[in-house]
Amino acid sequence: QVQVVESGGGLAQPGGSLRLSCAASGISFRFYIMGWYRQAPGKQRELVATITSGDVTNYADSVKDRFTISADNSKNTVYLQMNSLKPEDTAVYYCNAIHNWSKRAYWGQGTQVTVSS
């Protein structure tokens, strides 16, 4: 059974930092693209960052140079380091795993990130 579980959300001040973690069980990172998405109130879910098994990364323009996605394959865990946070980063952040070939996707339950003074 595949499980994707996020953690690390919370409240941060503008300019502050948070690190999100995503632990995935029941899959092998070798065959998946791992990603972080976010959904703010009243908005559609949007891509934040992705990482392949070969450590190729991709970022939304809005988070480039502020967020960093990384993976620890030995722990089946993906991280999202978020620096220089802005109020507009406030959203529920979701971890996602997409199979390279079948494109079958698994989602976590989401973790709330709130950036406010």
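Here, every reference points to the structure presented above.
Here goes a summary of the coordinates provided. (Residues numbered from 1 in each chain as written. Predicted model: local features only at pLDDT ≥ 70, side-chain atom pairs only at ≥ 80, totals over all residues. Heavy atoms only, no water.)

Once that is clear, we can look at the state of the cysteines. For the structure shown, the criterion picks out one disulfide. In this model, Cys22 is linked to Cys95 through a disulfide, with the two sulfur atoms separated by 2.0 Å. Between Cys22 and Cys95, the disulfide has an S-S torsion of -80° and is therefore left-handed. With Cys22 in strand β3 (residues 18-25) and Cys95 in strand β9 (residues 91-99), this residue pair connects regions lying 73 residues apart in the sequence. (Disulfide = S-S within 2.5 Å. Helix = DSSP H or I, 4+ residues; strand = E, 2+ residues; numbered from the N terminus.)

With that out of the way, let us pick up the packing of aromatic side chains. Counting across every chain of the model gives four aromatic pairs. Considering the side-chain rings of Phe31 and Trp101, the 5.7 Å spacing of their centres and the 55° angle between planes classify their relative orientation as tilted. In this pair, Phe31 sits in the loop between β3 and β4 (32-39) while Trp101 sits in the loop between β9 and β10 (105-107), placing the two residues 70 residues apart along the sequence. The class of Phe31 is partly exposed, set by a relative accessible area of 28%. On the basis of an interplanar angle of 65° and a centroid distance of 5.1 Å, the ring pair of Tyr37 and Trp107 is categorised as edge-to-face. Taken together, the residues span a long stretch of sequence, with Tyr37 in strand β4 and Trp107 in strand β10 at a distance of 70 residues. Given a relative accessible area of 38%, Trp107 falls into the partly exposed group. Lying over the aromatic face of Tyr94, Arg45 brings its terminal NZ or CZ to 3.7 Å of the ring centre. Against the face of Trp107 rests Arg45, its NZ or CZ located 4.6 Å from the ring centre. (Phe/Tyr/Trp six-rings, centres within 6.5 Å; stacked < 30°, edge-to-face > 60°. Buried < 20%, exposed > 50% of the residue type's maximum accessible area, 1.4 Å probe, protein only. Lys NZ or Arg CZ within 6 Å of the ring centre and 35° of its normal.)

Coordinates in, geometry out; function isn't part of it.
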